[in-house]
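Understanding the architecture of this molecule
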Amino acid sequence: MSIYDTLNRQQLEAVQHNEGPLLILAGAGSGKTRVLTHRIAYLLDEINVNPWNILALTFTNKAAKEMRERVDTLIGFGSENIWVSTFHSTCVRILRRYIDRLGYGNNFTIYDSDDQKSLMRDIIKYFNLDPKKYKEKTFINEISSAKNSYISPEQYAMENPGDPAKKKYAKVYTEYQHRLKQSNALDFDDLLFKTVELFENNKDVLANYQNRFRYIMVDEYQDTNTVQFKLLHLLATSTNDFGETVHNLCVVGDDDQSIYRFRGANIYNILNFESSYPDTKTIRLEQNYRSTKTILDAANQVISNNTERKEKKLWTENQEGDPITYTLFDSAYEEAEYIANRILQDFEDGLCNYRDYALLYRTNAQSRILEEKLIQRNIPYRLVGAINFYQRKEIKDLLAYMRTINNGQDDISVKRIINVPKRGIGLTTIDRLMEHSIHNGISFYDACKNAEYIPGIGRGASKVSPFVSMIEIIKSKLSNPEYSILDLFDEILEATGYEDELVAENTEEAKNRIENIHELKNKIITFLENAKEDNSLNAFLEEISLVADIDNLDETDNTVTLMTLHSAKGLEYPYVYICGMEEGVFPSYMCIHSDDPMDIEEERRLCYVGITRAREKLFLTAARQRMQNGEIHFHSPSRFINEIPRYLLNQTTPKSIYSNPFANTVSAPITPQKDKPFRYTSANGSSDFSAISRTGFNRNRSSNPFGDNPMIQKGFHFEKPYQAKTTTTSMLDNPPSYGVGDKVKHDKFGEGTVTKLTKGKKDYEVCVEFDTAGAKKLLAGFAKLEKIH
DNA sequence: CTCAAGAGCCTTTTT
DNA sequence: GGCTCTTGAG
């Protein structure tokens, strides 16, 4: 019995192909991670490849971590020497060693999108551009797509000399790049761009890595952009024992799951892989091990409407399964309410665990209303994305201090903190400092050092110098090897009085911020615990600038997961809800009104991704009206609903949930009609009649905490009283009525004794020794334990 | 220089 | 609806 016996024929073929380019077209749920990990095992075990010679690239840290763990379980050794990492981390690792060849310092800072925005704002001001006419975002997007296509500022300027708009972009791009370099900073796109630049201009460095990475594997290849293609092409060229050039490049992807075009992903990388590498071996993985036949059929039908794709048909030996449920509601409130009720009911009936559910939506803004309804029912949930922890004001402030200390050239960070907390340094002073720095070609921080000699600053200088000396003092301590970044963090808190100020504020919001600061401190401690060789400030800052929201998803918690369809790629759940299936929401308004037909195709691929996340049951929901940007919008059901054959759908009427909130939905009788897609009534029959109401009839409801929910206005008060949502951690405010040693009763597990009661992250954690069910760890908020006397 | 209130903008998706 | 920026008064 070998580890390869469990693979199907195509999977095995892919695993055993070890020489020359390999394209694995892996449909959703076809076991592509299995193939990748088994292939690594095969190379190590059977071909005796040195783990040192293997590079596996992913897009998220989560995927990288999973891959490493799975290789470990397969072969039990050697995986720590395989380079398994994201594209971005890989590039950073290379650049940290060699970027001095491009004239940057090796302690460069990584700018996130907020930093980019601040920088761009400065540039717009510098060029005296009308901020009403020129948005930072327009420039940033233009620059980003140039970088993703490996177009430098010089090249950009050369390409369109006659076009005045492009000329302006070129000027801004040049200045932007100049300032990044001055700040010794790179943005996300630079990480890839500069690595390719480094390789192209330093053949010795390239040869070094080519020689090392003799076997390269790439996950989610359909989402690579042009720079990533170049990078792979440069790296995956080595010479074999016979002096022949070989490309041991194995890419795995699914063109139907390409959903990052907006971010520069180039779907032709995968579509044209075979022509880029003529001796490519192509293997299709079409057997799906994840979903029911019904779900898979629906997915196949939807995606078949796309033109630009490699023909393939997923099949499964799994059961037929239940029909897909589609429900159209009057409003987004009812939609959210229904979903929350359904989940609660199934949970209480013992039919499912909370962790079995994923609620997917097109835009992050849609999560709010779902969260509200889940909170009201005490359903624990976990939100992926939305507000990234590292984007919070207090976190960014403290990180800016650390970044300033690490790299004084990082102007954006220095400017961020120079008057935070308030030191009486105003806009005039900052402007003068900025002018001075630009005039003299020095960094903003160096200008601060010279503050007293700068004309026009006057009294301001006396405020600036204490700031400079504070930074200098802390910086000097770093030279002591005993001084850890944890000491540094404490010192910053102490010296700036940042936390004290929040404590003094004593508001709910301030408390929340303090909690976040403590959380950041925990992250530093964890980092120091896990750091292998490098526990420097630089390494810490690097690690946190490269985390994605999805990296922190803990699938062991028993919670419902809420996330965007994009974040859901690569995951699977027994029960999936896709909410907001409406024209103008999904597909988005932007795509519908775009003149590029590829936009709607990408949206359809996103729908395909969503559908194929579900293992057993898929629920699609839509609302006739929903609040967007403070306005009520009316939408017709999504075209994607129409693309699912009617015989796979079970349309339920939302009416039934009004009379009895916990009653089962009633199925409308549906006659199978294979040839005719079912069309849901829309006033004029057109697929897009979304309208926007700009009238003010959503006013005058500020006194009603339930908003314009007609159910509430009609008096159907089956909900718990509304509580203003401050954080998702509010359950900690209600300590349980029982303590250690108390006898308690649980609905399902019966009677038991509390053995432990601790304050968890979101809620109190209770350990109970049940008389019959054994020891269980529960969350107090929804375990509904009853104390018995 | 700082704070509070009002105006205006926004939303697609993210490493 | 909510966040950020602008404005005007201390």
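Residues numbered from 1 in each chain as written. Chains lettered and ligands numbered in written order. Predicted model: local features only at pLDDT ≥ 70, side-chain atom pairs only at ≥ 80, totals over all residues. Heavy atoms only, no water.

**Side note on the overall build of chain A**
Across its full length, chain A carries 31 helices and 27 strands. A burial count over chain A gives 54% of its 789 residues as buried. Sequence separation of at least 24 residues holds for 74% of the intrachain contacts in chain A that already meet a minimum separation of 6. Put simply, chain A shows about 36100 Å² of open surface, and 48% of that area lies on carbon and sulfur atoms. (Helix = DSSP H or I, 4+ residues; strand = E, 2+ residues; numbered from the N terminus. Buried < 20%, exposed > 50% of the residue type's maximum accessible area, 1.4 Å probe, protein only. Contact = heavy atoms within 4.5 Å. Areas by Shrake-Rupley, 256 points an atom, 1.4 Å probe, with all protein chains shown as cover.)

**Side note on the protein's contact with DNA strand B**
Around DNA strand B, 27 residues are found, and the nearest of them are Phe59, Arg362, Lys422, Gly426 and Met590. Counting only atoms of DNA strand B within 4 Å of the protein, the sugar-phosphate share comes to 60%. Grouping the amino acids of the surface near DNA strand B by side-chain chemistry returns eight nonpolar, 13 polar and six charged. (Near = heavy atom within 4 Å. Nonpolar A, V, L, I, M, F, W, Y, C, P; charged D, E, K, R; others polar.)

**Quick notes on the confidence of the model for chain A**
Averaged over chain A, the pLDDT score is 83; the fraction of residues at 70 or greater is 86%. Note on residues 656-731: pLDDT under 50 across the span, and 135 contacts to partners over four residues away in sequence or across chains. (pLDDT = per-residue confidence, 0-100.)

**Topic: helix H25 (residues 537-545)**
The buried fraction of H25 amounts to eight of the nine residues, a majority that puts the element mostly inside the structure. Listing the buried residues of H25 in full gives Leu537, Asn538, Ala539, Phe540, Leu541, Glu542, Ile544 and Ser545. Each element contacted by the buried residues of H25 is listed here: helix H4 (87-98), strand S4 (109-111), helix H9 (188-201), helix H17 (393-406), helix H22 (485-496) and helix H24 (508-530).

**Topic: a negative patch on the surface**
Taken together, the side chains of Glu494, Asp500, Glu501 and Glu505 make up a negatively charged region of the molecular surface. Broken down by element, the residue count for the negative patch peaks at three residues, all from helix H23 (residues 498-505). Along the chain, Asp500 turns up in helix H23. Under the relative-accessibility criterion, Asp500 is labelled exposed at 54%. (Patch = residues over 30% accessible without salt bridge, like charges linked within 9 Å, V, L, I, M, F, W, Y side chains within 5 Å. Salt bridge = Lys/Arg side-chain N within 4 Å of Asp/Glu carboxyl O. Lys, Arg positive; Asp, Glu negative; His and termini not counted. Charge placed at Lys NZ, Arg CZ, Asp CG, Glu CD.)

**Examining the packing of aromatic side chains**
Tallying each qualifying case throughout the model produces 22 aromatic pairs. Consider the rings of Tyr4 and Tyr42, whose centres lie 5.5 Å apart with planes at 80 degrees: the pair is edge-to-face. Within this pair, whereas Tyr4 is found in the segment before helix H1 (9-16), its partner Tyr42 is found in helix H2 (residues 32-45), the two being separated by 38 residues in sequence. Ring centres 5.1 Å apart and planes at 90 degrees place the aromatic pair Trp83 and Phe213 in the edge-to-face group. With Trp83 in strand S3 (residues 83-86) and Phe213 in the loop between helix H10 (203-212) and strand S6 (215-218), the pair connects residues that are 130 residues apart, well separated along the chain. Just as Trp83 is buried, Phe213 falls in that class too. Through pairs of rings, three or more aromatic residues link up here, namely Trp83, Tyr98, Phe199, Tyr209 and Phe213. Lying across the ring of Tyr260, Arg263 places its NZ or CZ 4.1 Å from the centre. The ring of Phe389 carries Lys523 above its face, with NZ or CZ at 5.0 Å from the centroid. (Phe/Tyr/Trp six-rings, centres within 6.5 Å; stacked < 30°, edge-to-face > 60°. Lys NZ or Arg CZ within 6 Å of the ring centre and 35° of its normal.)

**With respect to the side chain of Ser152**
As for its placement among the helices and strands, Ser152 is situated in the loop between helix H6 (136-148) and helix H7 (153-159). Residue classification places Ser152 among the buried residues on the basis of a relative accessible area of 15%. Aside from chain neighbours lying at most four places away, what touches Ser152 is Tyr173 and Phe193.

**Quick word on the side chain of Glu136**
Position of Glu136 relative to the elements: it lies in helix H6. Glu136 sits in the buried class, given a relative accessible area of 18%. Sequence-distant contacts of Glu136, defined by excluding residues within four places in its chain, comprise Lys117, Met120, Arg121 and Ile124.

**Comments concerning the nonpolar core**
Counting residues in each nonpolar core, the largest one holds 65 residues, and the members touching the most others are Met120, Leu191, Phe199, Ile216 and Leu249. When residues no more than four places from it in sequence are discounted, the contact partners of Leu249 are Gly20, Pro21, Leu22, Ile216, Val218, Leu232, Ala236, Phe273 and Tyr277. Ranked by size, the runner-up nonpolar core spans 49 residues in total, among them Ile395, Ala400, Tyr401 and Ile457. (Core = buried A, V, L, I, M, F, W, Y, C linked by side-chain atoms within 4.5 Å.)

**Looking at helix H15 (residues 332-348)**
The terminal C-alpha atoms of H15, which comprises 17 residues, lie 24 Å apart, in line with the 24 Å expected from a rise of 1.5 Å per residue. The element H15 is largely enclosed, with a buried count of 16 among its 17 residues. Gly350 lies just past H15 and shows a positive phi near 75 degrees. (Expected span 1.5 Å × (residues − 1).)

**Examining the packing of H24 against H25**
Relative to each other, H24 and H25 sit at 115 degrees, their axes nearing to 11 Å. For the pair H24 and H25, the sense of crossing is right-handed. Residues Leu520, Lys523, Ile524 and Phe527 of H24 form the contact with H25, whose own contacting residues are Ala539, Phe540 and Glu543. Tallied by class, residues from the contact of H24 with H25 come to five nonpolar, no polar and two charged. (Axes fitted to C-alpha atoms, helices over the stretch in contact; angles between N-to-C directions. Left-handed = near helix turned anticlockwise from the far one by under 90°.)

**Here we look at the packing of H6 against H9**
The geometry of H6 relative to H9 is characterised by a closest axis approach of 9 Å and an angle of 25 degrees between their N-to-C directions. In terms of axis orientation, H6 runs roughly parallel to H9. For the element pair H6 and H9, the recorded crossing hand is left-handed. Contacts from Ser144, Lys147 and Asn148 in H6 reach Asp189, Asp190 and Phe193 in H9. Of the residues in the contact of H6 with H9, the class split is one nonpolar, two polar and three charged. (Parallel < 35°, antiparallel > 145°, perpendicular 65-115°, else oblique.)

**Things to note about the sheet that holds S3**
What links the strands of a sheet is backbone hydrogen bonding, and the strands pair in either a parallel or an antiparallel sense. Taken in spatial order, the six strands of this open sheet run S3-S2-S6-S9-S1-S10, and their pairing is parallel. Each edge of the open sheet is held by one strand with a lone partner, namely S3 and strand S10 (281-285). In this sheet, adjacent strand axes meet at a mean angle of 15 degrees when their direction is disregarded. Strand direction decides the pairing type here: strand S2 (residues 54-58) and S3, joined by four bridges, are parallel. Looking across to S3, one finds that Thr58 is bridged to Thr86. The sheet contacts of helix H3 (residues 61-75) involve S2 and S3, and relative to S3 the element is tilted by about 160 degrees. Across the sheet, helix H11 (residues 226-235) lies against S2, S6 and strand S9 (249-253), angled at about 160 degrees from S6, the strand it touches most. (Pairing = 2+ DSSP bridges.)

**Regarding the pattern of salt bridges**
The final tally for this structure, using the stated rule, is 49 salt bridges. Ionic pairing is found between Lys194 and Glu197, a salt bridge with its closest N-O pair at 3.2 Å. Of the two residues, Lys194 and Glu197 are both situated in helix H9; the distance of three residues between them amounts to about one turn of the helix. Glu197 matches Lys194 in its accessibility class, with the two residues each being buried. Here Glu572 makes a salt bridge to Arg615, at a shortest N to O gap of 2.5 Å.

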